[in-house]
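Each chain, letter by letter, is given below.
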Amino acid sequence: MEKYFQESIECASRDEIIAIQNEKLVKQVRHVWDNVPYYRKKMEAKGVTPDDIKSIDDLHKLPFLSKKDLREAYPYGLVGKPLKDCVRIQSTSGTTGKRVVAFYTQHDIDLWEDCCARAIVAAGGSKEDVCQISYGYGLFTGGPGLNGGSHKVGCLTVPTSSGNTDRQIMFIQDLQATIICCTPSYAAFLGERMKEMGYGPDDIPLKAGIFGAEAWSEEMRQDIQKTMGIKAYDIYGLTELSGPGVAFECSAQKGMHINEDHFIAEIIDPETEEVLPEGSQGELVFTAIDKEAFPMIRYRTRDICKLTREKCSCGRTHVRMAKPMGRSDDMLIIRGVNVFPSQIETVLLNHGYAANYQIIVDRKNNSDTLDVQVEMTPEMFTDNVGEIAENQKQLVDGLKSMLGIKANVTLVAPKSIARSEGKAVRVIDKRKI
Ligand code: DLL
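The structure presented is a predicted model; accordingly, all values stated were derived computationally and were not measured.

S.K.: How would you explain the site of the ligand if you had to name every residue and give the values?
M.R.: Taken together, 20 residues form the shell around the ligand, and within it Asp234, Ile235, Thr239, Asp303 and Lys423 come nearest. Arg327 is positioned such that a nitrogen or oxygen atom in its side chain is 2.9 Å from an oxygen atom of the ligand. For the ligand, whose unbound accessible area comes to 610 Å², protein coverage reaches 94%. Considering each element in turn, the shell around the ligand owes the most residues, 5 residues, to strand β7 (residues 231–238). Along the lines of polarity and charge, the residues of the shell around the ligand split into 9 nonpolar, 6 polar and 5 charged.

Structure below.
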């Protein structure tokens, strides 16, 4: 039987959801107009006032916000509440430019933790569970968000944070942890280490994992599920909108339900900014209709994916987003062809490799080069040169048919590519260095 954290809202009728969104959007636009001069100026420049926004049908009239706006307004320019009413900040790592600093009132923290609690219950969590949180704690939203959600559900919460892999495994075994939350790349690493230590899937007490913060393929899910003997659930979110829990997977594992009582989702064409019909692939845009301190309106996430309103077997009614295939700013343009790292990962996993790889892009003699270094698994490790050459050729052919361009493949020894405790670094684009 499917369980819910907030059943009446998670399973509300379409009409109820639309009524909630209409009411909250009108209020939120007024709040932003009155309290965020930066966004008010953008509205004025577009000739829109709060009086023009009467329902979600008017959403398209509002200007977009992007990373560029966040940079320009850094650090306080988009804050919608006096600082005396704010209780926390969280922040991104800032690897691509200025870091994002997001602000929260106690109300904002509360709704964020509700979203994470919904995700944990959807993954089968209850107060009977021991939930180990192996996302980083601190400025990154992963640890604090799921920690709060786990408390709300009433799980025994184990805040290990990321890293120190053998200690993670000791806690899983000694405390009989049943749920683990971490990035999928770290989950794969934990699984690999547990296998080395002689633990088979039946020796691991975990039953579910809640993995997100980076793109991961369906093939990687199957791999992790098999190694650890768990069900692996996807969770999505971003710092600008609170953190993890903007959307989460249910027992159906067919896309993530977006918490529509807090976030309105749109898909746009990233070039023309035109809103696309349901089912189209494009850039995900969110309007946070409840957040007080950092009220993002039509925020362009850069994440490329699709939405569906098809009925879900879990009983939840909120729209689902497909696994994002990557970020538009992660998309590599190689010899004019669009390549997403996730497409490369799919080919590797389909050929029996694990998700331990690195993509190196460069420019030689005025032409782009694509090199993929792939670790052999311990089972397939060989020093037979002929066998390695044959296996490399199979991957080159597989990548050619997926991407339409030639990649050079080098098979490397097991464990020679650095592991990540948080988000994995898959791509080195030397053209940008
Ligand atoms: O990664 C929040 C988070 C923490 C989500 C823990 C899930 C679990 P940021 O560091 O701001 O926030 O990065 C946000 O990460 O725009 C996506 O590109 C990517 N991302 C997040 N979740 C997923 C996912 C956190 N499930 C950016 N699948 C987003 C694919 C994801 N990409």
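On we go.
S.K.: Pulling in residues and values, what's your account of the packing of aromatic side chains?
M.R.: All told, the structure shown has 8 aromatic pairs when counted by the stated rule. Considering the side-chain rings of Phe103 and Phe294, the 6.1 Å spacing of their centres and the 45° angle between planes classify their relative orientation as tilted. Of the two residues, Phe103 sits in strand β2 (residues 101–105) while Phe294 sits in the loop between β11 (282–288) and β12 (299–305), which places them 191 residues apart along the sequence. Among the residues examined, Phe103 registers a relative accessible area of 5% and is labelled buried. Exposure remark for Phe294: the relative accessible area of 2% places this residue in the buried category. When the ring of Phe263 is compared with that of Phe286, the centres are 6.3 Å apart and the planes differ by 75°; the resulting orientation is edge-to-face.

S.K.: Any details on the pairing of strand β3 (residues 130–133)? Residues and values, ideally.
M.R.: Along any regular strand the residues' side chains alternate between the sheet's two faces. Here β3 shows a buried face lined by Val130 and Gln132 and a second buried face lined by Cys131 and Ile133. Both β3 and strand β4 (residues 156–158) contribute to a ladder of 3 bridges, which runs parallel. Bridge pairing in β4 places Cys131 opposite Thr157.

S.K.: Now, about the packing of helix α2 (residues 14–35) against helix α3 (residues 37–46): what can you tell me, with residues and values included?
M.R.: Contact pair α2 / α3: the axes reach a minimum separation of 6 Å and the direction vectors enclose 105°. In terms of their interaxial angle, α2 and α3 are classed as roughly perpendicular. Contact residues: Val29, Val32, Trp33 and Asn35 in α2; Pro37, Tyr39, Arg40, Met43 and Glu44 in α3. Partitioning the contact of α2 with α3 into residue classes produces 6 nonpolar, 1 polar and 2 charged.

S.K.: Give me the lowdown on the sheet that holds strand β10 (residues 263–268), citing residues and values where you can.
M.R.: Spatially, the 4 strands line up as an open sheet ordered β10-β11-β12-β15, and their pairing is antiparallel. The open sheet terminates on both sides in strands that have one partner only, identified here as β10 and β15 (326–327). As paired strands, β10 and β11 are joined by 6 bridges and run antiparallel to one another. Note on β11: the bridge partner recorded for Phe263 is Ala288.

S.K.: Go over the pattern of salt bridges, please, and point to the residues and values.
M.R.: Across all of its chains, the model carries 34 salt bridges by this definition. The partner of Arg431 in a salt bridge is Asp368, with the nearest N and O atoms 3.3 Å apart. With Arg431 in the segment after β21 (427–429) and Asp368 in strand β19 (residues 367–375), this residue pair connects regions lying 63 residues apart in the sequence. Residue Arg431 is classed as partly exposed on the basis of its relative accessible area of 28%. Relative accessible area serves as the criterion here: at 8%, Asp368 is assigned to the buried category.

S.K.: I'd like a rundown of helix α6 (residues 142–153), residues and numbers included.
M.R.: In a regular helix each residue adds 1.5 Å, so 12 residues correspond to 16 Å; α6 covers 17 Å between its end C-alpha atoms and thus fits that length. Extensive coverage of α6 is indicated by the burial of 10 of its 12 residues. Residues of α6 that are buried include every one of Gly142, Gly143, Pro144, Gly145, Leu146, Asn147, Gly148, Gly149, Ser150 and Val153, and no others.

S.K.: Could you give an account of the sheet that holds β21, naming the residues involved and the relevant values?
M.R.: Taken in spatial order, the 4 strands make up an open sheet running β20-β19-β18-β21, and their pairing is mixed. For this open sheet the edge positions go to β20 (408–412) and β21, each flanked by a neighbour on one side alone. Strand-to-strand, the axes of this sheet are offset by a mean angle of 20°, without reference to chain direction. Two elements, strand β18 (residues 357–364) and β19, share 8 bridges in a ladder whose sense is antiparallel. Its bridge partner being in β19, Ile360 is matched across the sheet by Asp371. The strands that helix α11 (residues 385–403) touches are β19 and β20; relative to β20, the one it contacts most, it runs at about 135°.

S.K.: Give a detailed account of helix α10 (residues 341–350), specifying residues and quantitative values.
M.R.: Among the 10 residues of α10, 9 are classified as buried, and the element is accordingly described as predominantly covered. Those residues of α10 that sit buried are Pro341, Ser342, Gln343, Ile344, Glu345, Thr346, Val347, Leu348 and Leu349. In this structure, the buried side of α10 is in contact with α9 (218–228), β17 (337–339), β18, β19, α11 and β21.

S.K.: Describe unusual backbone geometry, with residues and values.
M.R.: Residue Tyr74 is joined to Pro75 through a cis peptide bond whose omega torsion reads -5°. Mapped onto the elements, Pro75 comes out in the loop between α4 (67–73) and β1 (86–91). Located in the positive-phi region is Ser242, a residue other than glycine, with phi close to 130°. Along the chain, Ser242 turns up in the loop between β7 and β8 (243–249).

S.K.: An account of the side chain of Thr178 is needed here, citing residue identities and associated values.
M.R.: Following the sequence through the fold, Thr178 ends up in the loop between α7 (165–174) and β5 (179–182). Thr178 gets classed as buried once you look at its relative accessible area, which sits at 18%. A distance of 2.7 Å separates a polar atom in the side chain of Thr178 from a polar atom in the side chain of Asp129. Residues within four places of Thr178 in sequence aside, it is in contact with Asp129, Val130, Pro205, Leu206, Lys207 and Ala208.

Thresholds, definitions, all that
Residues numbered from 1 in each chain as written. Predicted model: local features only at pLDDT ≥ 70, side-chain atom pairs only at ≥ 80, totals over all residues. Heavy atoms only, no water. Near = heavy atom within 4 Å. Polar contact = N/O pair within 3.5 Å; in protein donor to acceptor, adjacent residues only side chain to side chain. Areas by Shrake-Rupley, 256 points an atom, 1.4 Å probe, with all protein chains shown as cover. Helix = DSSP H or I, 4+ residues; strand = E, 2+ residues; numbered from the N terminus. Nonpolar A, V, L, I, M, F, W, Y, C, P; charged D, E, K, R; others polar. Phe/Tyr/Trp six-rings, centres within 6.5 Å; stacked < 30°, edge-to-face > 60°. Buried < 20%, exposed > 50% of the residue type's maximum accessible area, 1.4 Å probe, protein only. Pairing = 2+ DSSP bridges. Axes fitted to C-alpha atoms, helices over the stretch in contact; angles between N-to-C directions. Parallel < 35°, antiparallel > 145°, perpendicular 65-115°, else oblique. Contact = heavy atoms within 4.5 Å. Salt bridge = Lys/Arg side-chain N within 4 Å of Asp/Glu carboxyl O. Expected span 1.5 Å × (residues − 1).

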